[in-house]
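# Structural overview
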Amino acid sequence: MKFPTFVSLLVVSAGLALPRLAAAASVERPLIWVTPADRAALLAKIESQPWARASFENLKEEVRGAVAEHQKDPAAYLRKIPTIPSPAGTGHPPTFAPIAGNMASTPDKGAGPKLERLLTLGVHCGALYYLTQDEAYAKCAADILHVFVEAIIQMKTDLNDDNGGLLYPNDFLYEARGVGDQIPLIYDFVQPWLKRGGAVLDLVSGQPVAFNFAHAQELFRAYARFAIDGGIIDNNHPVLEMSCLAHCALALDDATERADTFAYLVSKDTPHQDSLAKVLKIYAAPGSVWPESFQYSSSVSARLTYLVALVRRQKSASQLPASFVNIPLSLVRLADFRFPNGENIRFGDGPRRGGGGGAQSLEIAYAMAQRDGDATLRQEFGSVLARNLVQGKYDRTESARDALPLLWYAPEIVADPAAPARLRTTDELPFVGAVLQRNLSPDKNPVHAFMAVVSGGAHVHSHATGMTLELYGAGHVLGTAAGKGTYTTDEHENYRRLFAAANSVIVNGTSRSSGGWVNLGIDTVRPVALEPAVGAAPVSPNYSFTLTRFADQQLGGTTAPQERLVGLVRTSASTGYYVDVFRSHTDQPSQFHDYLWHNLGDQAVITAGEGKLKLSAAPDRFVPAAGTAWKRNQTYLYPGWHFFKQAQASAPFAGDVTVDFTAGKLAGGPAHMRLHIPGQPGREYAQALALETKEAPVPYDHAPTPVLVVRQQGEAWARPFAVVFEPFAGSEKSARIQSATALTGPAGFAGFKVISKINGATLTQYVLVQPEPASVWQDAALGVTFTGRYAVVTLNERDECTALYLGEGSSLTYRGTKLRSVSGAPTAASAEINGPAATVTAGSPAELTLSNGQQHRSAPPL
């Protein structure tokens, strides 16, 4: 909907063909947050619950000074509001100067934040009047309401901009949250007092006057229409405007108009505003989350939780479908995508810390479940709150410093604080293309835990990462992505959002994005084989793997198929390692592939044999792809590695190398990541310094991030990038892997031989990696035969087989000891062997035959 430039609000509203109200109709208020019938129970809660009593006193203390000042001299108090006088002789009340800019550019200090704080004060005074019936609160709140209504009703606007507002002419998206949703709340609380004849102060005459109900109704109607007929859809913007729409709709005094307008929140979509019914389709399945980066996803879930709770309190509102419960459940679900140290997996513009189910949202969800009589959901949300209360991580009094918590929180949290066993060994977030595998230590120490995440996909606020990998170890996310920069800057758009900021493979130096949100569209990483499957129990406490697939784009419209197999191997309660096998190729006769690895640390040290690999300065190695250019939020300087500094590179080198990243300045002691990289012909190694990793542990959040770049001349499919990663804490002597070398066969790379020293004893493991589940590999000298895609053979220091693991395969044999699928079809199976005793666990029936002929049948996973 388009309106003429600079028309008055009254004219704008008149053009909307909505009903008019001459005065307040007969409606019992308040009705938005609470009703008159709720008051007795709320007073009882304040009387009986220490947290509620303390919150009530805190709320009174917060407004005490303003209320006292207003009582002493209302005119003097109101003149402190940053208004501008109307022209002399017009008799018009003062108005506001339009606030330029938008949410991102509005300073923390100035008219905008001050006005919003005044509105919050008005809401608090209104709530206190409701609770106490003290007219001093009503008078202060009503005068604030009157000044805002009469000021904004005169303001001019231009709705040619889809985000045009009133107080913020260029940013209704922000005005809706800070202004448009607060004014109707004040009205709702003080309307009964005004209706009984309560007067407000006219700043022009200095005299008490009757409140203009018609102007208030015009303002609520106009704000509602701004949400309904302005803005964009299919992202988080409609949700951010929904509280304004909801409150303004409910502030309308005509019952028919109120119901009609409220329906736009619940079920009626427009070309400029999504309804809750449409949004609920995104949450149709349990476990769904909002498909944007973490902070936006968690914020949307929090706002939607409030909104569905608000709708559930409106007796006359249309009922939401049963799937509405998936919205508050997403608050808990987001916590599943955190590393063992509590940090978020990184995708798009999302933060490393924060987000997820905040205390207020969980409290609202808990109270809603209690009102609905849903004991299961009450326990789901209550257990998190109860656990945080027991552990001292949460204080209900501190949380409830606003009016809403005091009014909405349940009197008590009655739930078992025991944490549910909800964290899966393998999990996925499909819209991100994220597949994770975790292995928490038996000693429950996060320093001894492991977690790997492969991801890549296009969504709102996504990054063009390619098929990236993050690795956790020694209590930190060591293999990491760069994180979000400042929006619109060169650094953010041409590095942090592009391939070079991620641990992925860049093809021919030209990997790029195309289409989608701000032209950052890429393929979505897809799972091919996972053990365990998402939600399934693992067949082994020590082994797991994921295989994912992706298609990289390049300049000229060509693509490069890619696969990434990541295996996790635990060798003791406190030690283990990862294997990463990355395949990439194109159909072009001339091609090269660069494997990038960013790791927290002071530097990268590349060792070959007994000494460091020789490197030479390479200032021209990392440059933007030919023909690329930067146009903000449209085109970029792919692949982003021109931000690398102090680049050095080796001559071609086909031998094995070891790369050490040491973060020696961490507060808790050094953390290391050691990479064992078996050699291949056509390899070159480079190192450089990338920009700092955002939200890294101090001091690495303000230090350059060392990056390793391994270049493969020619294809990297039969000769994949194959790396063993060992994270460990303490000194360099704490490493357990003694060597990691490649296994080969007729088809080329076939896996690793990894020798570790665990508790003084030698442990040898053959980690077998093949392209297909029907691939066959045999080494007569080792005595190993394998049919399948992924497997691990574990030997003790006497070369006795102590464990066989089929991640995906039909048979695995070591010197006469054989683990096989009974059906002959690929399966997941694990055998723990202790002399003649053995335990076999499998997803489908499997059989272990020992070298002495003794057989053991499998049990299903726990």
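We now turn to the structure provided with this report. (Residues numbered from 1 in each chain as written. Predicted model: local features only at pLDDT ≥ 70, side-chain atom pairs only at ≥ 80, totals over all residues. Heavy atoms only, no water.)

### Quick word on the overall build of the protein
- Summing up its helical and strand segments, the protein has 19 helices and 35 strands in all.
- Taking 29 Å as the expected radius of gyration for a compact globule of 862 residues, we find that the protein reaches 32 Å, a close match to that expectation.
- For the protein, the residues scored as buried account for 58% of the 862 residues in total.
- Counting only contacts in the protein whose residues sit at least 6 apart along the sequence, the fraction spanning at least 24 positions is 67%.
- For the protein, the exposed area adds up to about 32,200 Å²; of that, 54% sits on carbon and sulfur atoms. (Helix = DSSP H or I, 4+ residues; strand = E, 2+ residues; numbered from the N terminus. Rg over C-alpha atoms; globule rule 2.2 N^0.38 Å. Buried < 20%, exposed > 50% of the residue type's maximum accessible area, 1.4 Å probe, protein only. Contact = heavy atoms within 4.5 Å. Areas by Shrake-Rupley, 256 points an atom, 1.4 Å probe, with all protein chains shown as cover.)

### A short note on the pairing of strand E16 (residues 604-608)
- Residue alternation in E16 divides its side chains into a buried set, Ala604, Ile606 and Ala608, and an unburied set, Val605 and Thr607.
- The sheet contact formed by E16 and strand E20 (residues 657-663) spans four bridges and is antiparallel. Bridge pairing in E20 places Val605 opposite Asp660. (Pairing = 2+ DSSP bridges.)

### A short note on the pattern of salt bridges
- Per the counting criterion, the structure on display carries 35 salt bridges.
- Across the salt bridge formed by Glu493 and Arg497, the nearest N and O atoms sit 3.4 Å from each other.
- You can call Glu493 buried: its relative accessible area is 1%.
- In this structure, the salt-bridge partner of Arg549 is Glu563, at a minimum N-O distance of 2.6 Å. Pair noted here: Arg549 is in strand E12 (residues 543-553) and Glu563 is in strand E13 (residues 559-570), with a separation of 14 residues, a long-range link.
- The class for Arg549 is partly exposed, based on a relative accessible area of 32%.
- If you follow the salt bridges from partner to partner, you end up with Arg333, Asp336, Arg424 and Asp427 in one network. (Salt bridge = Lys/Arg side-chain N within 4 Å of Asp/Glu carboxyl O.)

### Overview of helix H9 (residues 213-229)
- For H9, spanning 17 residues, the distance from its first C-alpha to its last is 24 Å, which sits close to the expected 24 Å at 1.5 Å a residue.
- In terms of burial, H9 is largely enclosed, as 15 of its 17 residues are buried.
- By the N-cap criterion, in which a side-chain oxygen at the helix start approaches the backbone nitrogen of a residue two or three places on, H9 is capped by Asn212, the distance to Ala214 being 3.1 Å.
- Residue Gly231 follows H9 closely and has a positive phi angle near 95°. (Expected span 1.5 Å × (residues − 1). Polar contact = N/O pair within 3.5 Å; in protein donor to acceptor, adjacent residues only side chain to side chain.)

### Remarks on the nonpolar core
- Ranked by internal contacts, the top residues of the largest apolar core, which has 127 residues, are Trp33, Ile152, Ile183, Tyr223, Leu304 and Leu407.
- Residue contributions to this core peak at 13 residues, all from helix H6 (residues 135-152).
- When near neighbours in sequence (up to four residues on either side) are disregarded, Leu407 contacts Trp33, Val34, Leu42, Lys45, Ala127, Tyr130, Leu131 and Phe189.
- If you look at the next biggest cluster of nonpolar residues, it comprises 85 residues, including Phe294, Trp641, Val707 and Val710. (Core = buried A, V, L, I, M, F, W, Y, C linked by side-chain atoms within 4.5 Å.)

### Quick notes on the environment of Ala322
- Here Ala322 lies in the loop between helix H13 (294-313) and helix H14 (326-333).
- In this structure the C-alpha to C-alpha distance between Ala322 and Leu423, which are 101 residues apart in sequence, comes to 25 Å.

### Some points on the side chain of His448
- Among the structural elements, His448 can be located in the loop between strand E6 (434-439) and strand E7 (450-455).
- At 2.6 Å, the side chain of His448 forms a polar contact with the side chain of Asp443.
- Residues within four places of His448 in sequence aside, it is in contact with Ser441, Asp443, Arg570, Ala573 and Ser574.

### What about the sheet that holds strand E21 (residues 671-677)?
- Taken in spatial order, the nine strands make up an open sheet running E11-E12-E13-E14-E24-E21-E20-E16-E17, and their pairing is antiparallel. Of all the strands in the sheet, the pair left with one neighbour each is strand E11 (526-531) and strand E17 (611-612).
- In this structure, E12 lies alongside E13, joined through 11 bridges in antiparallel fashion. Its bridge partner lying in E13, Tyr543 is registered against Val569.

### Here we look at the pairing of strand E28 (residues 776-779)
- Of the strand pairs in this sheet, E28 and strand E29 (residues 784-795) are connected by four bridges, and their pairing is antiparallel. Residue pairing in the sheet places Trp777 in a bridge with Phe786 of E29.
- Here E28 folds back onto E29 in antiparallel fashion, the turn holding four residues, of which Gly783 has a positive phi close to 80°.

### Brief notes about the sheet that holds E6
- Reading across from one edge, E5-E6-E7-E8-E9 is the order of the five strands in this open sheet, with antiparallel pairing throughout. Each having just a single partner strand, strand E5 (426-429) and strand E9 (476-479) make up the two edges of the open sheet. On average, each strand axis in the sheet is tilted by 20° relative to the strand beside it, whichever way the strands run.
- With five bridges joining them, E7 and strand E8 (residues 468-473) adopt antiparallel strand pairing. Paired with Val453 across the strands is Glu470, a residue of E8. (Axes fitted to C-alpha atoms, helices over the stretch in contact; angles between N-to-C directions.)

### Thoughts on unusual backbone geometry
- Of the consecutive residues Arg29 and Pro30, the connecting peptide bond is found in the cis state with omega at 0°.
- Structurally, the position occupied by Pro30 is in the loop between helix H1 (9-14) and helix H2 (39-48).
- Tyr638 connects to Pro639 through a cis peptide bond whose omega is -5°.
- Tracing the sequence through the fold places Pro639 in the loop between strand E18 (616-617) and strand E19 (645-649).
- Here the phi dihedral of Glu695 falls at roughly 65°; this positive angle occurs in a residue that is not glycine.
- Note on placement: Glu695 falls in the loop between strand E22 (683-690) and strand E23 (705-713).
- Residue Asp799 is not a glycine yet carries a positive backbone phi of 60°.
- Mapped onto the elements of the fold, Asp799 is located in the loop between E29 and strand E30 (801-814).

### Focus on the side chain of Ser540
- Residue position: Ser540 is located in the loop between E11 and E12.
- A residue is classified by how much of its surface remains accessible, and Ser540, at 4% relative accessible area, is buried.
- In this view, Ser540 contacts Tyr805, Ser830 and Glu832; residues no more than four positions away in its chain are not counted.

### Overview of the environment of Tyr636
- Summarising the element assignment, Tyr636 is placed in the loop between E18 and E19.
- Owing to a relative accessible area of 1%, Tyr636 belongs among the buried residues under this scheme.
- Between the C-alpha atoms of Tyr636 and Glu493, which are 143 residues apart in sequence, the distance is 6.9 Å.
- Engagement of the side chain of Tyr636 in a polar contact is seen with the backbone nitrogen of Gln634, the distance being 3.4 Å.

### Examining the packing of aromatic side chains
- All chains considered together, the criterion is met by 28 aromatic pairs.
- Cluster of aromatic residues (ring-pair linked, three or more members): Tyr495, Phe622, Trp641, Phe643 and Phe644.
- The aromatic ring of Tyr264 is capped on one face by Lys268, whose charged end is 4.3 Å from the ring centroid.
- The aromatic ring of Trp51 is capped on one face by Arg396, whose charged end is 4.3 Å from the ring centroid. (Phe/Tyr/Trp six-rings, centres within 6.5 Å; stacked < 30°, edge-to-face > 60°. Lys NZ or Arg CZ within 6 Å of the ring centre and 35° of its normal.)

### Re the packing of H14 against helix H15 (residues 359-372)
- In contact at an axis separation of 10 Å, H14 and H15 are set at 135° when each is read in the N-to-C sense. Comparing their axes, H15 and H14 come out oblique. As H14 runs across H15, the sense of the crossing is left-handed. Two secondary-structure elements touch here, H14 through Pro328, Leu331 and Val332 and H15 through Ser361, Leu362, Ala365 and Met368.
- Considered class by class, the residues forming the contact of H14 with H15 number six nonpolar, one polar and no charged. (Parallel < 35°, antiparallel > 145°, perpendicular 65-115°, else oblique. Left-handed = near helix turned anticlockwise from the far one by under 90°. Nonpolar A, V, L, I, M, F, W, Y, C, P; charged D, E, K, R; others polar.)

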